[in-house]
Amino acid sequence: MSNDVQQPSIGPLGEAADIRTTRNEVAIEIVGLNKWFGAFHVLRDVSLQVMRGERIVVCGPSGGGKSTLLRCINRIESWQRGRVIVDGVELTDDLKKIDEIRREVGMVFQHFNLFPHLTVLENCMLAPVWVRRMPKKEAEAIARHNLERVRIPEQASKYPAQLSGGQQQRVAIARALCMQPKIMLFDEPTSALDPEMVREVLDTMVALALDGMTMVVVSHEMGFARQAATRMILMDAGQIIEVNEPEAFFSNPQHERTKLFLSQILH
Amino acid sequence: MTTTAPSGFVRDEMIAPAEPPHVRASMLGWIGERLFNSFGNATLTVLGIVGLAALAWPTLRFLLLDAVWRGTERTDCLAETVGHDVGACWPFIWAKFDQLMYGFYPASERWRPNLVYGFGALLLAPLLVPRVPHKTLNAVLFFGVFPLVAGVLLVGGVFGLPEVETRLWGGLLVTLVISFTGIVGSLPLGILLALGRRSDLPVVRSASVVFIEFWRGVPLITVLFFATYMLPLFLPGNWKIDGLLRVLIGVILFSAAYLAEVVRAGLQAIPRGQFEGAMALGLGYWRMMGLIILPQALRLVIPGLVNSFIALFKDTTLVLIVAIFDLLGQLRASFSDPNWATPATLFTGFAFAGIIYFVVSFAMSRYAMFTEQRLRAR
């Protein structure tokens, strides 16, 4: 029995698989990454390839090295051995290359890291004006567009302290988007939020995924992972334990650690 | 039929917000509640009032009630002439006023320091008021253009202005010149040193540490003395630096070391996340510091900075050791004038200087508090 009719494959969000396959470029390549914090071996021989348009969700127990790995991608953390190549550019000590990559890689942090002395709009306009040297009018237009994209355009002249946690995180996402990055990194974006606000941020991230953004997300939100991820990775003790498509990952975990982890969290 | 358990509760009408209980807002109410609400507090209040009166009354009597306001020579300030115990001898101040303000700056050229004061006030006032726009232009004019113009006007020698040697300058003019130059010159240098001390580059870091520890380790008097008397011995023969300029440089370097540590405390208080957020956006080191970190750090340490500025303003009096006559130096020189030798002269002179120092220091301190409140209101 062969069902050789070629059906167009559908991704988890309902988008056509074309989005994935036409962009067969390597966005991030990590080869044999090793990092020590003093004597502590925090990343052990990590190798990973992320294609353009992929959405990777990295999960695992605390202290497993997930955030550290993420922060290596834009060289906020450095490493002692191994290579990280982002968008074809290898990250080393070369400051120019690092800044070049950081322009193309946006990052959203667990604690938002918004600049408290600037308004929401100024937060978003800062990087385009000072890094991409955009004229202020153009930067403002882009900022307002992205604030609308995250559905808080009316908060533009407020200060971050006046917003709720969910709104602040959405501003952080908008701020990263204003640089028009090719890759977005999310470091536990909803872990510091009240439960009522987690939904609004996850919806924003799903919308981003629908737009075809390459995303690497460290998160414990398994609902989001099921909905939007193209690959799930479990990390523990600084190593990649298991990689699989979300359905297979959740329904049929192979490694002991994965089984243990999944049994401990609600999904 | 209800499905709620006997121990359950379901609200049917929301409670609208109401006014808080009425608080007595009158002055008497405040006094009653805060100062006299218990026997102990009442006693302390009474003792406090008595103590204040005991201090304030003689001061008021000396400065205002028993003071002599008009006169031309010392006898006008003596008890025999006036008929009662004399307080402050203000005619002494009126007579010495020009010297106290300008030192020995030639009378015909006094319009130049006056012009400088005028320009300074004209540029400073809009800078201090938050609502006035064009702050960047204002700052550039005040911190960049004004010092140059002031320098040219005060020193002269160009544009047809007769030169006035700095050793003729004195009084409040010298105090303000040294304070202003010290403050404006040492803050940028202090910030650079603070950044240098936190740098990852070993050479920059060591150089900053050595600079800071050295200049904090020596007293200001030694610095002034060394700069004025020893430095010329080290310089090649015919290279002479003006005496006041040497003092200014010494004060700037000295003050910068202290400010560096104050600023460094502010930098340490900024959470790592701010640095990471800026780095993740691709901002280079200087943009990150200038746009994100320093604005926040400097706001945090306004109390420490203003503390240093006020101390610097009063430390200017040490220049007497190198024969430069600031306000206090000029005052003490005036004391030796036999025409005005009365019992009240010394007290009057120091009271006058004290009032000036207090007014300026208090103004700086209050403005800093105002700035802090405004920045916190966000």
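Rules and cut-offs
- Residue positions are counted from 1 within each chain, in the order its sequence is given.
- To read the labels, note that chains go from A and ligands from 1, taken in the order they are written.
- With the structure being a predicted model, the display of local features is reserved for residues of pLDDT at least 70 and the display and counting of side-chain atom pairs for 80 or more, all residues being used for whole-chain, interface and lining totals.
- A run of H or I in DSSP counts as a helix once it spans at least four residues, and a run of E counts as a strand once it spans at least two, with each numbered from the N terminus.
- Every radius of gyration here is taken over C-alpha atoms, with the globule rule written as 2.2 Å times N^0.38, N being the number of residues.
- It is the C-beta atoms, placed from the backbone, that decide contacts: two residues are in contact if theirs lie within 7 Å.
- Three classes are used: nonpolar for Ala, Val, Leu, Ile, Met, Phe, Trp, Tyr, Cys and Pro, charged for Asp, Glu, Lys and Arg, and polar for all others, with Gly counted as polar.
- For each domain, the first and last residues come from an automatic or database assignment.
- In this description, a nonpolar core means buried residues of the types Ala, Val, Leu, Ile, Met, Phe, Trp, Tyr and Cys, linked to one another by C-beta atoms lying within 7 Å.
- Whether a residue is buried, exposed or partly exposed follows from its count of other C-beta atoms within 10 Å of its own C-beta, namely 20 or more, 12 or fewer, or something in between, respectively; the C-beta atoms are built from the backbone.
- Per-residue confidence from the predictor is reported as pLDDT, a score between 0 and 100.
- Think of it this way: DSSP has to see at least two bridges between two strands before they count as a pair.
- Axis definition: a line fitted to C-alpha atoms, over the contacting stretch in the case of helices. Angles run 0 to 180 degrees between N-to-C directions.

## Section: the overall build of chain B
At step 1: In terms of regular secondary structure, chain B is built from 15 helices and 1 strand.
At step 2: The C-alpha atoms of chain B give a radius of gyration of 28 Å, which is well past the 21 Å a tight globule of 378 residues would have.
At step 3: Once the C-alpha set of chain B is aligned to its principal axes, its extents read approximately 105 × 65 × 40 Å.
At step 4: If you take every contact in chain B between residues at least 6 apart in sequence, the share linking residues at least 24 apart comes to 67%.

## Describing the interface of chain A and chain B
At step 1: The interface of chain A with chain B comprises 18 residues on the first partner and 16 residues on the second.
At step 2: Contributing elements (two or more residues each) for the side of chain A that touches chain B: helix H3 (95-104) and helix H4 (120-130) of chain A.
At step 3: Partitioned by chemical class, the residues of the side of chain A that touches chain B number 11 nonpolar, 4 polar and 3 charged.

## Side note on the domain arrangement of chain B
All names here are of chain B.
At step 1: Each assigned domain of chain B is listed here: domain 1 (90-105 + 164-376) and domain 2 (107-163).
At step 2: In this structure, domain 1 and domain 2 have C-alpha centres spaced 19 Å apart.
At step 3: At the level of elements, helix H7 (171-197) and helix H15 (345-376) are the ones that each hand at least two residues to the side of domain 1 that touches domain 2.
At step 4: In terms of residue class, the side of domain 1 that touches domain 2 is made up of 6 nonpolar, no polar and 2 charged.

## Some remarks on the nonpolar core
At step 1: Counting residues in hydrophobic clusters, the biggest one holds 131 residues, and the most contacted among them are Val58, Ile73, Leu185 and Val216 of chain A together with Val247 and Val263 of chain B.
At step 2: When we break this core down by domain, the ones giving at least three residues each are domain 1 (90-105 + 164-376) and domain 2 (107-163) of chain B.
At step 3: In this view, Val247 of chain B contacts Ile178, Leu224, Ala227, Thr228, Val319, Val322 and Ile324 of chain B; residues no more than four positions away in its chain are not counted.

## A closer look at the confidence of the model for chain A
Residues and elements named next belong to chain A.
At step 1: On average, residues of chain A score 89 in pLDDT, and 91% of them reach the 70 mark or higher.
At step 2: This stretch, residues 1-9, has a pLDDT under 50; its non-local contacts, to residues over four places away or in other chains, come to 3 contacts.
At step 3: Ignoring residues within four places in sequence, the model shows residues 16-22, a span with pLDDT below 50, making 11 contacts including any to other chains.

## A short note on the sheet that holds strand S3 (residues 55-59) of chain A
All names here are of chain A.
At step 1: The sheet built from 6 strands is open, its strands ordered S6-S7-S8-S3-S9-S10 with mixed pairing. Of all strands in the sheet, those bounded by a partner on one side alone are strand S6 (105-108) and strand S10 (239-244). Averaged over all neighbouring strand pairs, the angle between strand axes comes to 20°, with direction disregarded.
At step 2: By the bridge criterion, 4 bridges tie S3 to strand S9 (residues 231-236) in an arrangement that is parallel. Bridge pairing in S9 places Val57 opposite Met232.
At step 3: Those strands touched by helix H2 (residues 66-73) are S3, S6, strand S7 (183-187), strand S8 (214-218) and S9, and its axis lies near 150° from that of S8.

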